[in-house]
Amino acid sequence: MRTIYLLALLLFPFLAMAQYPLPIPPALTGTEFELHLQKGAREFFPGFTTNTMGVNGDLLGPTLILNKGDLVTMNLINELDEPTTIHWHGMHVSAANDGGPHTVIEAGTTWSPQFTVLDHAATYWYHPHLHMKTAEHVTKGIAGFIIVKDEEEAALELPRSYGEDDFPIVIQSRAFDADMQFIVETAADDVLLVNGVRDPYLEVPAQVVRLRLLNGSTDRTYNLGFEGNIEFFQIATDGGLLGEPLPMDRLQLAPGERAEILLNLNGMAGQSLTLKSFSSELASGIYGAASPSPMPVATIPGYSSNPLNGSDFDILKLNVGSPSVNPITAIPATLVPQNPIPEASAQQTRNLTFQPQQMGPTGMANGPFVINGASFNLDVINFEIPLGNTEIWQLTNMTGISHPFHIHDVQFYVLDVNGAPPPANMLGRKDVVLVPPMGGTVRFITRFEDFADDEVPYMYHCHMLTHEDAGMMGQFIVTGPNATKEPSSTDGLKVYPNPAIDAWNLVFEENTGEEGYFVLRNSFGQTIRQFKSIVEPTVQIPCAELPAGWYIMEVRTGDQNYVLSLLKR
Ligand code: C2O
Ligand code: CU
Ligand code: CU
């Protein structure tokens, strides 16, 4: 049936012409979110029902719009009949809130992490991370966007009306079997889904529009551009806005990576343009290029018969309509100041080497792959990193293909790729970087701040999900003098936000009206502030002037003693 369908495409290419409107995921705002992980079904091919998974729906999930500084609560209700996890990819949260493979949400249970949004305005995403099941759960459809907003971004003249001039676009290649069910581990991912549909088109206004691009594919890298090589401007990398919009006509996006771009469509009403992947231009060794490895004998079974590999194909057609009211009509000259971490401030360098588990042509390109000789083991901590450490990670790829390396907890700055300075669009904050094959290297610098936990680790791994599931992953814990799990609340006393930027609010459920004795100490135990006050339901502790770091708050009332650990940003 599948073959007949593909044959029909060859004979009647009009069948492949943008025919479905691009769905824009519903946006959720506020500070409390309810996300139901559920099973569903979709008809991707007429007459065939494909089993799917989604969040608050059949496939994919809502876009979560968060404000920096807000304390948010996520309620993840697992209505699947199997365990999973949900990870906030790119966000800086405590290990216990990070949703890695250790933080399992059993079927029929709810997980409710609570955290302060500390990230810069950018596009992040959420997806499952259960060990050996990540590729399957993402393939079946669990993933969604997170848009973080902040004051720096709000001060710029940028399109930001969700679904009107600011569009989330997730690109995913998928493989289907003869019954049109998803196949998880295969190189036959020859069907392209954009926001969950095939052959999409999108109506856009004739003005500056913003596309938030996410490569949500399991393995495939895209080389994005527009038909006719129309110029566009990259404004953001994985974890933040760039210093200025960068004009370009090609943008390589590996699995897990995000980029925000602006397109100037002034005066183009009535015209249309096509976002494509120019995969014929991808360097060999990148999954998606004509050849999976520069090593001619290195192969991936089934790779060469996938028509997407090494060819140029359409992703999304944009039909330009009339402008909206109050359109943005110019590309801004500058964006936000950049503060890269100086290389000289590094306290330590760590070496991570990617290797095939078995030598030989298939092992070099198809894997499984290991990092520093070891396959992922849930019970082995690979690195212990002191809280506050500034580190250079040197990645060396001794395999036959490129791997998109991703690390949790932090954003990093790329120092060099194969020894040379990175291109301008890789200079911003990143959490995924594609490491070239055959001895290729990447060095990045980052700092492990704010969160220490002596039990729950953070992950680093290849973001080709089949590689990750097959063991190309490791884990680290951040250790610190206050290796508390995370900032605390205690029975009868809650604190928000925590971490805080301007002030902590202590909310008392008991003892209100009594006299309380308040002491705030720093992490060396020195008293910073002490005062007596009648316990109000909410007592505010300003902290804007305090240096960033950990603090201990003690409150004594008539019959109770509270101790809280507080984090100042
Ligand atoms: Cu997007 Cu550890 O993952
Ligand atoms: Cu992540
Ligand atoms: Cu990989």
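Residues numbered from 1 in each chain as written. Chains lettered and ligands numbered in written order. Predicted model: local features only at pLDDT ≥ 70, side-chain atom pairs only at ≥ 80, totals over all residues. Heavy atoms only, no water.

K.L.:
Before we go on, may I ask you to explain the overall build of the protein chain in this structure?
P.N.:
Scanning the protein chain from N- to C-terminus turns up five helices and 40 strands. On C-alpha atoms alone, the protein chain measures out to a radius of gyration of 24 Å, which is about the 25 Å that the 2.2 N^0.38 rule sets for 569 residues. With 569 residues in all, the protein chain has 57% of them scored as buried. In the protein chain, once contacts between residues fewer than 6 apart in sequence are set aside, the share between residues at least 24 apart is 74%. Carbon and sulfur atoms form 52% of the exposed surface of the protein chain, whose accessible area is close to 21,400 Å². Separation of charge centres in the protein chain, based on 30 positive and 63 negative side chains, amounts to 2 Å. (Helix = DSSP H or I, 4+ residues; strand = E, 2+ residues; numbered from the N terminus. Rg over C-alpha atoms; globule rule 2.2 N^0.38 Å. Buried < 20%, exposed > 50% of the residue type's maximum accessible area, 1.4 Å probe, protein only. Contact = heavy atoms within 4.5 Å. Areas by Shrake-Rupley, 256 points an atom, 1.4 Å probe, with all protein chains shown as cover. Lys, Arg positive; Asp, Glu negative; His and termini not counted. Charge placed at Lys NZ, Arg CZ, Asp CG, Glu CD.)

K.L.:
Help me out: how do you make sense of the packing of aromatic side chains in this one?
P.N.:
Aromatic ring pairs are reported here in terms of the distance separating the ring centres and the angle at which the planes meet. Overall, the coordinates contain 27 aromatic pairs when judged by the stated rule. Look at Y287 and Y303: their rings are 5.3 Å apart centre to centre, the planes differ by 90 degrees, and that puts the pair in the edge-to-face class. With Y287 in the loop between β22 (272–278) and β23 (312–320) and Y303 in the loop between β22 and β23, this pair connects stretches of sequence that are 16 residues apart. Grouping aromatic residues by their ring pairs yields a cluster made of F354, F383, W393, F405, F412, F444, F448, Y458, Y460 and F476. The positively charged end of R250 is found above the aromatic ring belonging to F278, 3.6 Å away from the centroid. (Phe/Tyr/Trp six-rings, centres within 6.5 Å; stacked < 30°, edge-to-face > 60°. Lys NZ or Arg CZ within 6 Å of the ring centre and 35° of its normal.)

K.L.:
Just checking my understanding: could you explain the coordination of the copper ion (ligand 3) for this structure?
P.N.:
Tetrahedral coordination by four donors puts the ideal angle at the metal at 109.5 degrees, and octahedral coordination by six puts it at 90 or 180 degrees. The protein atoms that coordinate the copper ion (ligand 3) are H403 (ND1), C462 (SG) and H467 (ND1), at distances of 2.0 to 2.1 Å. When the donor residues of the copper ion (ligand 3) are listed from N- to C-terminus, their spacing reads H-x58-C-x4-H. For H467, a relative accessible area of 7% puts it in the buried group. (Donors = N, O, S within 2.8 Å, 3.2 Å for Na, K, Ca; no water.)

K.L.:
When you look at unusual backbone geometry in this model, what are you seeing that I'm missing?
P.N.:
Apart from glycine, the bulk of residues carry a negative phi angle, and the bulk of peptide bonds sit in the trans form. Geometrically, the link from Y496 to P497 is a cis peptide bond, its omega value of -20 degrees lying close to zero. Looking at the element boundaries, P497 is found in the loop between β34 (493–496) and β35 (503–508). In the segment running from N498 into P499, the intervening peptide bond is cis, with an omega of 10 degrees. Its place among the elements puts P499 in the loop between β34 and β35. Here the phi dihedral of L60 falls at roughly 55 degrees; this positive angle occurs in a residue that is not glycine. If you trace the backbone, L60 turns up in the loop between β4 (48–55) and β5 (63–67).

K.L.:
How should the layout of surface pockets be read in this particular structure?
P.N.:
The gaps of empty space that remain are located by a probe, the size of a water molecule, rolled over the atoms. Its volume calculated, the largest pocket comes out at about 1,000 Å³. Along its surface, the largest pocket is lined by 40 residues, and H92, R447, E449, D450 and R569 are the ones closest to its centre. Every element with two or more residues in the lining of the largest pocket is listed here: β31 (440–447), β39 (549–556) and β40 (561–568). Looking at the lining of the largest pocket, its residues break down into 18 nonpolar, 12 polar and 10 charged. Residues from two domains meet in the lining of the largest pocket; each of domain 1 (343–479) and domain 2 (493–568) gives at least three. (1 Å grid on protein atoms, 1.4 Å probe; cavity = no way out; pocket = protein on both sides within 12 Å on 5 of 7 lines; lining within 4 Å. Points joined across faces, edges and corners; volume = space filled by probe spheres on them. Nonpolar A, V, L, I, M, F, W, Y, C, P; charged D, E, K, R; others polar. Domains from an automatic or database assignment.)

K.L.:
What's the story with the environment of P62 in this structure? I'm lost.
P.N.:
Secondary-structure assignment places P62 in the loop between β4 and β5. Remark: the alpha-carbon pair of P62 and T31, spanning 31 residues in sequence, is separated by 14 Å. The contact partners of P62, leaving out residues within four places of it in the chain, are P25, P26, L28, L35, V55, N56, Y126, G144 and F145.

K.L.:
Looking at this structure, how should I read empty space enclosed by the protein?
P.N.:
Under the criterion given, the structure shown has four cavities of 30 Å³ or more. The volume enclosed by the largest cavity comes to roughly 80 Å³. Lining the largest cavity are T139, S173, R174, A175, I183, V184, T186, D189, T218, D219 and Y287. Per-element accounting of the lining of the largest cavity gives the leading share, three residues, to strand β12 (residues 166–176). Considered class by class, the residues forming the lining of the largest cavity number four nonpolar, four polar and three charged.

K.L.:
Can you walk me through the sheet that holds β22 in this structure?
P.N.:
The strands that make up a sheet are held in pairs by hydrogen bonds between backbone atoms, and each pair lies either parallel or antiparallel. Taken in spatial order, the six strands line up as β1-β15-β23-β22-β17-β20 in an open sheet, and their pairing is mixed. Each edge of the open sheet carries a strand with a single partner, namely β1 (20–21) and β20 (251–253). Here strand β17 (residues 222–226) pairs with β22 via three bridges, running antiparallel. Along β22, the bridge assignment pairs L224 with S277. (Pairing = 2+ DSSP bridges.)

K.L.:
Got a minute to help me understand the sheet that holds β5 in this structure?
P.N.:
The mixed open sheet is built from five strands, whose spatial order is β2-β5-β11-β10-β7. Of all the strands in the sheet, just β2 (27–28) and β7 (87–89) have a single pairing partner and so form its edges. Looking at chain direction, β2 and β5 are connected through two bridges and run parallel. Bridging from a neighbouring strand, L28 pairs with L64 of β5.

K.L.:
Can you walk me through the coordination of the copper ion (ligand 2) in this structure?
P.N.:
Of the protein atoms, only H87 (NE2) and H406 (NE2) coordinate the copper ion (ligand 2), at distances of 1.9 Å. Note that H87 is positioned in strand β7 and H406 in strand β28 (residues 403–407), a separation of 319 residues in sequence. For H87, a relative accessible area of 1% translates into the label buried.

K.L.:
Explain the side chain of R429 here, please?
P.N.:
Relative to the helices and strands, R429 is located in the loop between β29 (413–417) and β30 (432–435). Not counting the four nearest positions on each side in its chain, R429 is found in contact with H120, T237, D238, G239, G240, Q411, F412 and Y413.

K.L.:
Even after reading the chapter, I still don't get the pairing of strand β32 (residues 458–462), so can you show me in this structure?
P.N.:
On any regular strand, side chains alternate: one points to one face of the sheet, the next to the other face. Of all five residues that make up β32, five are buried, and the element is covered over most of its length. In β32, alternate side chains face the same way, and those of Y458, Y460 and C462 on one face and M459 and H461 on the other are all buried. Here β28 runs beside β32; their pairing, made up of three bridges, is antiparallel. Its bridge partner being in β32, F405 is matched across the sheet by C462.

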